[in-house]
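The residues making up each chain are set out below.
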Amino acid sequence: MVRASLLLVLLTTPLVAQDKTDDPRLVLNAFLQAKAKEHFDARRQEVAKTLTPEAIAKRQQFLKAKFIESLGGFPEKTPLNARTVGTLQGQGFKVEKVIFESRPNHHVTANLYLPEGKGPFPGVIVPCGHSVNGKAAEAYQRASILIAQNGVAALCYDPIGQGERVQFLDAEGKPAGKTSVGEHTQVGIGAWLVGTSCATYRIWDGIRSLDYLQSRPDIDPKRLGCTGNSGGGTLTSYLMALDERIWAAAPSCYLCSLEKLFATLGTQDAEQNIVGQVAFGMEHADYVTMRAPRPTIMLVGTYDYFNIDGAWNIFREAKVVYGRLGFGERVSLFEYEDKHGFSKPRREAAARWMVRWLRDKDEPIVEGNFPSFTDADLQCTRTGQVVADMKGISAFQMNVKEMEKYAGARAKFAELPEAQRQAEIRRLLNVPEKIAAAKVAGKTYEPEAGLRLTVELADDLKGETVTICVGVRPKAPGLVYADLRGSGFDSKSAASNDYKNAVLGLHLNRPLVGQRVQDILSLIQSAPLQGKKIHLWVSGDACLPALHAAALEPRIVSLRLEGMTARWDNVVRTPDGVNQIVGVIPSVLKSYDIPDLVEALAPRSVQLDSLRDARGQVMSAANAEKLFAGARGRYQKLGSIAKLVIND
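A quick note: this is a predicted structure, and the numbers were derived from the prediction, not measured.

**Re unusual backbone geometry**
Part 1 of the reasoning: Note the cis peptide between Gly119 and Pro120, where omega equals 5°.
Part 2 of the reasoning: As for its position among the elements, Pro120 is in the loop between strand E3 (106-115) and strand E4 (121-127).
Part 3 of the reasoning: Each neighbour pair has its own omega, and for Ala292 with Pro293 the value is 10°, a cis peptide bond.
Part 4 of the reasoning: Along the polypeptide, Pro293 turns up in the loop between helix H10 (284-289) and strand E8 (296-301).
Part 5 of the reasoning: Even without being a glycine, Ser230 presents a positive backbone phi close to 60°.
Part 6 of the reasoning: Mapped onto the elements, Ser230 comes out in the loop between strand E6 (219-229) and helix H7 (231-242).
Part 7 of the reasoning: Judged by relative accessible area, Ser230 falls into the buried class, the value being 0%.
Part 8 of the reasoning: One non-glycine residue, Asn430, lies in the positive phi region at around 60°.

**Things to note about empty space enclosed by the protein**
Part 1 of the reasoning: Applying the stated criterion to the full structure yields five cavities of 30 Å³ or more.
Part 2 of the reasoning: Reported here for the largest cavity is a volume of approximately 110 Å³.
Part 3 of the reasoning: Every residue lining the largest cavity is listed: Val47, Thr50, Ile56, Arg59, Gln60, Leu63, Asp286, Thr289, Met290, Glu317, Val321 and Arg324.
Part 4 of the reasoning: Elements supplying a minimum of two residues to the lining of the largest cavity: helix H3 (53-71), H10 and helix H11 (308-324).
Part 5 of the reasoning: In terms of residues, the lining of the largest cavity owes the most to one element, H3, which gives four residues.
Part 6 of the reasoning: Looking at side-chain class alone, the lining of the largest cavity contains five nonpolar, three polar and four charged residues.

**Describing the sheet that holds E3**
Part 1 of the reasoning: The nine strands lie next to each other as E1-E2-E3-E5-E4-E6-E7-E8-E9, forming an open sheet whose pairing is mixed. Strand pairing shows two members of the sheet lacking a second neighbour, strand E1 (83-90) and strand E9 (331-336), which therefore form its edges. Within this sheet the neighbouring strands show an average axis-to-axis angle of 20°, counted without direction.
Part 2 of the reasoning: Note: E4 against strand E5 (residues 153-157), five bridges, orientation parallel.

**Notes on the pairing of strand E15 (residues 533-539)**
Every regular strand shows the same layout, with side chains that alternate between the two sheet faces.
Part 1 of the reasoning: Across the seven residues that make up E15, a large majority, six, are buried.
Part 2 of the reasoning: By the bridge criterion, six bridges tie strand E13 (residues 465-470) to E15 in an arrangement that is parallel. Looking at E15, one finds that Thr467 is bridged to His535.
Part 3 of the reasoning: Strand direction decides the pairing type here: E15 and strand E16 (residues 556-562), joined by six bridges, are parallel. Across the sheet, residue His535 finds its bridge partner in E16, namely Ser558.
Part 4 of the reasoning: Taken together, E15, helix H20 (residues 543-552) and E16 form a β-α-β motif whose crossover is right-handed.

**Some remarks on the packing of aromatic side chains**
Part 1 of the reasoning: According to the stated counting rule, one finds 16 aromatic pairs in the structure shown.
Part 2 of the reasoning: Judged by centre distance (6.4 Å) and plane angle (55°), the rings of Tyr140 and Phe342 are tilted. One end of the pair, Tyr140, is in helix H4 (residues 138-149); the other, Phe342, is in the loop between E9 and helix H12 (344-358), and 202 residues separate them in sequence. The residues Tyr140 and Phe342 share a single accessibility class, namely buried.
Part 3 of the reasoning: Ring plane angle 45° and centroid distance 5.5 Å describe the contact between Tyr305 and Phe306, whose orientation is recorded as tilted.
Part 4 of the reasoning: Overall, Tyr305 belongs to the partly exposed group, its relative accessible area being 34%.
Part 5 of the reasoning: An aromatic cluster is built from Phe67, Tyr238 and Tyr287, whose rings are joined through pairwise contacts.

**Considering the pairing of strand E14 (residues 479-482)**
Part 1 of the reasoning: Here E14 shows two buried faces, one formed by Leu479 and Tyr481 and the other by Val480 and Ala482.
Part 2 of the reasoning: Looking at chain direction, E13 and E14 are connected through three bridges and run parallel. Looking across to E14, one finds that Thr467 is bridged to Leu479.

**Here we look at the sheet that holds strand E18 (residues 644-647)**
Part 1 of the reasoning: Taken in spatial order, the nine strands make up an open sheet running E10-E11-E12-E14-E13-E15-E16-E17-E18, and their pairing is mixed. Across the chains shown, the open sheet's two edge strands, defined by having one partner strand only, are strand E10 (439-441) and E18. Across the sheet, the mean angle from the axis of one strand to that of its neighbour is 20°, orientation sign disregarded.
Part 2 of the reasoning: Docked against the sheet, helix H19 (residues 512-524) engages strand E11 (444-448), strand E12 (451-456), E13, E14, E15 and E16, running at close to 120° with respect to E11.

**Some words on the packing of helix H6 (residues 198-215) against H7**
Part 1 of the reasoning: Axis separation between H6 and H7 bottoms out at 10 Å; the angle between their running directions is 70°. On the basis of their axis angle, the class for H6 and H7 is roughly perpendicular. Crossing of H6 over H7 shows right-handed handedness. Within the contact between the two elements, H6 uses Ala199, Arg202, Ile203, Gly206 and Ile207 and H7 uses Gly231, Leu235, Tyr238, Leu239 and Leu242.
Part 2 of the reasoning: The residue makeup of the contact of H6 with H7, split by class, is seven nonpolar, two polar and one charged.

**Things to note about H4**
Because an α-helix completes one turn every 3.6 residues, residues spaced three or four positions apart along the sequence face the same direction.
Part 1 of the reasoning: For H4, spanning twelve residues, the distance from its first C-alpha to its last is 16 Å, which sits close to the expected 16 Å at 1.5 Å a residue.
Part 2 of the reasoning: Within the sequence span of H4, burial applies to Ala139, Tyr140, Gln141, Arg142, Ala143, Ser144, Ile145, Leu146, Ile147 and Ala148.
Part 3 of the reasoning: Just beyond H4, the residue with positive phi is Gly151, at close to 85°.

**A short note on the nonpolar core**
Part 1 of the reasoning: Membership of the largest hydrophobic core comes to 161 residues, with the highest contact counts inside it found for Phe67, Ile203, Tyr287, Ile468, Leu559 and Trp568.
Part 2 of the reasoning: Top element by residues in this core is H6. It accounts for nine residues.
Part 3 of the reasoning: Here Trp568 is in contact with Leu193, Leu544, His548, Gly583, Ile585, Val588, Leu589, Tyr592, Asp593 and Ile594, once residues within four sequence places are set aside.
Part 4 of the reasoning: Residues Phe93, Val126, Ala350 and Met354 belong to the second largest nonpolar core, which totals 36 residues.

**Considering the state of the cysteines**
Simply put, disulfide is the name for a covalent bond between the sulfur atoms of two cysteines.
Part 1 of the reasoning: Applying the stated criterion to the full structure yields zero disulfides.
Part 2 of the reasoning: Free cysteine Cys226: the closest other cysteine sulfur is in Cys156, separated by 11 Å.
Part 3 of the reasoning: We classify Cys226 as buried; its relative accessible area is 0%.

Criteria and thresholds
- Residues numbered from 1 in each chain as written.
- Predicted model: local features only at pLDDT ≥ 70, side-chain atom pairs only at ≥ 80, totals over all residues.
- Heavy atoms only, no water.
- Helix = DSSP H or I, 4+ residues; strand = E, 2+ residues; numbered from the N terminus.
- Buried < 20%, exposed > 50% of the residue type's maximum accessible area, 1.4 Å probe, protein only.
- 1 Å grid on protein atoms, 1.4 Å probe; cavity = no way out; pocket = protein on both sides within 12 Å on 5 of 7 lines; lining within 4 Å.
- Points joined across faces, edges and corners; volume = space filled by probe spheres on them.
- Nonpolar A, V, L, I, M, F, W, Y, C, P; charged D, E, K, R; others polar.
- Pairing = 2+ DSSP bridges.
- Axes fitted to C-alpha atoms, helices over the stretch in contact; angles between N-to-C directions.
- Right-handed = clockwise from strand over helix to strand, strands pointing away.
- Phe/Tyr/Trp six-rings, centres within 6.5 Å; stacked < 30°, edge-to-face > 60°.
- Contact = heavy atoms within 4.5 Å.
- Parallel < 35°, antiparallel > 145°, perpendicular 65-115°, else oblique.
- Left-handed = near helix turned anticlockwise from the far one by under 90°.
- Expected span 1.5 Å × (residues − 1).
- Core = buried A, V, L, I, M, F, W, Y, C linked by side-chain atoms within 4.5 Å.
- Disulfide = S-S within 2.5 Å.

Next up, the structure:
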């Protein structure tokens, strides 16, 4: 299976270095993995004492509720408006080319592989991995054909960002940005900001695919299954845990445990990461045990980059849970000595599992040397892109639509009582009300136990106000230079694309912005700075933490922010934004946007230099003034208009 783009390499290459002290990102990564381990250890203790069927059921219900809550919930089911737009004949099966709406005017392109005969047949959905051509990829065709040739219908559908469902097109209807992995993450960044997830869109497509199968008279609605590989293995894992209609499940080349994943391959693209997942105790094994005792087989590769030891670890856990329920035979693991991909042995194992549990036939299945179809053969649309053909709403537009629901709440944020604003900021950032003073020793400070960051204190800090610089090094007496976690003021590693650490923070329910706010607040509480008024002069990724820190701490009397992203609204509206992951605060746009925070700081002094749009381009002062008109109006109302300075 060919992975989609160079971005996947960036997202899946582990952070490595000979010396973990020479790169601030590596220091932060080790710290976050240690925090994650505390949660993994606590989860193991919880699983060990979950001994009875009643206790297992209670834990299943808890995890499903937390899972759905993290996804932002699901919408109401609406008419599928399904139609068949063409057919193909194969050896022992036929293919119907289908289009349906998983949400109003949001279209799914799919191929339904139907066995010969009248039916009703059992039905299986086949979510795709990260193939650029989606459902037309050779491996997914062959898996679907093999299943159909053995008496079970298979619905293989395009994920968003792949095949005929690229969500960001140019004026000519061609893909305008990165597809597959890249587009998933771009959708995910906007979705997280508005309180949902790329996974939510992907899971809902799968749920509606099951609805489509159930709507057909030639499909038995009580005999349904799901199998997929890689990213499709992720979706199979999600769907089999959440939708009880899936009786037989066969996720391939994914399940290996988050603990092993973080330590080896690293975090994946957006839909493969669930906000707060580690914090509320949901591991890969739980995708299997949440559905117990329904039949599940894990398909794994000995040399897959999804760690084989982790796969066996979670299988052993699942086997014990199934055994406690009295159905140990319903969970299995198939390992083959090959690498990543929906290879022939795994396709055969998936088909046999489906036939065994959906047709009550248990016999060897061998994949023959049958031909596959071309991409054009399987195409459901005229142009090859459903958004262009159907003029439907894209996932990016759905993010915008969700964001617009909360425009009224954001407009009122600056007028809320300060205590209420601060409580909401702390909740979203997961920052405690009381921040312990950092321990300062020489040229380091420790905002949290086990995390040491660099600081340079001026020799003379006797003045009433102290300037702390982050990401800038002006030459003047009496300044303090400080790192924030994951970046260094003397390090080239301060680049903003710290995807892995940002996503690890989301798993822990600790957005990177919030962690860095804690750095700032703990530093200014430290003995050398205690009681002093603070001016923050920062650039780049330090801007949002500094802005939030000022909203929480009145001792921060003024700010100079260089190169800050101007507003999250623009991030959500920009499908080809650049390096915005480090600024993600889940659900923040339900409460406020960046200009609303600036407005709430009035009448404190704020200087905004070189504000940037979501693509990283510097905005003109005139355009910036338009975006910050509300803040300008509040400063004027308070008689302090000169204290808000906006420069290009």
